Amino acid sequence: MVRLAKFTEDNIIDAAIEVAAHCGVAAVSISAIAGKAGAPTGSVYHRFESRGAILARAWLRVKADFRKAVACHWSEGNTWAAVAGFLQWCRDKPLYAKFLLQCEDCPVFSEPLSAELNAALEAEQEALDLCFRQCLAHVQQGRKEAGAETEAVLRFTLFSSPIAMIKPYLLQDLNIPARIDDVLRASHDAVVAAHAGGT
């Protein structure tokens, strides 16, 4: 009979995401990951060469999930669907959302990563950037002015405003109330209308 591994790579990545989400990226260590996963430290090292490699894999998983659930709406230029999708993603996967908040732009991996991991990280970021560029192209259609202002407005609409509203709830492990959707919808519509009117 084949003996199944008790602690899988997915278990270890899940544990790293949870530690980072609750305690910050700096708290992610091999021992902390092993403790959260209930695995011997040796099992972690058997599957990953370093803390950085685990964090990179966790980052890839969360960013890819975000792209498929949220950034897909960017590609269509549907900014409100993107904001609503972001809210739903945060409600469905609060650990993933907290992980991104704790990592900010990108976690510090500390150790050099393999060429394969670096390539995967670059490819995932490029896929996400492409979604944003496609959204920007949709929003800029028919506008004559320079794109810098439009890009700033789009970043505010898709990122800054929603994150500012939901961050306190995520960091306190509270449910995001339904009224946040109404506030963000009003903000979204006002910003989009003002920008469309050139004011």
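This text gives an overview of the structure that appears in the document. (Residues numbered from 1 in each chain as written. Predicted model: local features only at pLDDT ≥ 70, side-chain atom pairs only at ≥ 80, totals over all residues. Heavy atoms only, no water.)

Turning our eyes to something else, we now look at the overall build of the protein chain. Within the protein chain, the regular secondary structure consists of 9 helices and 0 strands. Listed N to C, the secondary structure of the protein chain is α-α-α-α-α-α-α-α-α in terms of helices and strands. Every one of the 199 residues in the protein chain was classed for burial, and the buried ones make up 41%. A sequence separation of at least 24 residues applies to 71% of the contacts in the protein chain between residues at least 6 apart. Summed over its atoms, the accessible surface of the protein chain is roughly 10600 Å², and 55% of this surface lies on carbon and sulfur atoms. Averaged over its 20 positive side-chain charges, the protein chain has a centre that lies 4 Å from the centre of its 23 negative ones. (Helix = DSSP H or I, 4+ residues; strand = E, 2+ residues; numbered from the N terminus. Buried < 20%, exposed > 50% of the residue type's maximum accessible area, 1.4 Å probe, protein only. Contact = heavy atoms within 4.5 Å. Areas by Shrake-Rupley, 256 points an atom, 1.4 Å probe, with all protein chains shown as cover. Lys, Arg positive; Asp, Glu negative; His and termini not counted. Charge placed at Lys NZ, Arg CZ, Asp CG, Glu CD.)

This paragraph deals with the packing of helix α4 (residues 51-75) against helix α6 (residues 94-103). Running from amino to carboxyl end, α4 crosses α6 at an angle of 120 degrees, the nearest separation of the two axes being 10 Å. The angle between the axes of α4 and α6 places the two elements in the oblique class. The interaxial crossing formed by α4 with α6 has left-handed handedness. Across the interface between the two elements, L55, A58, W59, R61, V62, K63, D65 and F66 from α4 touch Y96, F99, L100 and C103 from α6. (Axes fitted to C-alpha atoms, helices over the stretch in contact; angles between N-to-C directions. Parallel < 35°, antiparallel > 145°, perpendicular 65-115°, else oblique. Left-handed = near helix turned anticlockwise from the far one by under 90°.)

Here we take up the nonpolar core. Counting residues in hydrophobic clusters, the biggest one holds 56 residues, and the most contacted among them are W74, W89 and F99. Those elements giving two or more residues to this core turn out to be α1 (9-23), α2 (30-37), α4, α5 (79-92), α6, α7 (115-140), α8 (147-171) and α9 (179-196). Residues contacting W89, with those up to four places away along its chain left out, are V62, D65, F66, A69, V70, P94, Y96, A97 and L100. (Core = buried A, V, L, I, M, F, W, Y, C linked by side-chain atoms within 4.5 Å.)

So, about the packing of α8 against α9. Describing two packed helices takes the angle between their axes plus the distance from one axis to the other. Closest axis-to-axis distance for the α8/α9 pair is 11 Å, and the angle between their directions is 165 degrees. Here α8 lies roughly antiparallel to α9, going by the angle between them. Crossing of α8 against α9: the hand is right-handed. Mapping the contact onto sequence places E149, T150, V153, F156, T157, S161, P162, M165, I166 and Y169 in α8 and R179, I180, V183, L184, S187, H188, V191 and H195 in α9.

So, about unusual backbone geometry. With a phi angle near 55 degrees, D173 is a residue other than glycine that sits in the positive phi range. D173 gets classed as exposed once you look at its relative accessible area, which sits at 51%.

What follows is about the side chain of S50. By secondary structure assignment, the location of S50 is in the loop between α3 (41-47) and α4. Not counting the four nearest positions on each side in its chain, S50 is found in contact with I30 and E111.

Let us look at α9. For the α-helix, the turn length of 3.6 residues means that residues three or four positions removed from each other point alike. Relative to the 26 Å expected for 18 residues at 1.5 Å per residue, α9 spans 26 Å between its end C-alpha atoms, a close match to the ideal helical length. Buried within α9 are the following residues: I180, D181, L184, H188 and H195. Here the buried residues of α9 occupy an arc of 95 degrees about the axis, which is enough to place them on one side. Exposed residues on α9 whose side chains face more than 90 degrees from its buried face are R179 and D182. Elements that come into contact with the buried residues of α9 comprise α5 and α8. (Expected span 1.5 Å × (residues − 1). Arc of directions from axis to C-beta.)

To continue, consider the packing of aromatic side chains. Tallying each qualifying case throughout the model produces 8 aromatic pairs. Ring geometry for W74 versus F132: centroids 6.3 Å apart, planes at 85 degrees, classification edge-to-face. Linking W74 in helix α4 with F132 in helix α7, this pair joins segments that are 58 residues apart in sequence. Here W74 falls in the buried class, since its relative accessible area comes to 3%. Overall, the relative accessible area of 6% leaves F132 in the buried class. Taken together, the aromatic side chains of F66, W74, F86, W89, Y96, F132 and F159 make up a single cluster linked through ring pairs. (Phe/Tyr/Trp six-rings, centres within 6.5 Å; stacked < 30°, edge-to-face > 60°.)

Coordinates in, geometry out; function isn't part of it.
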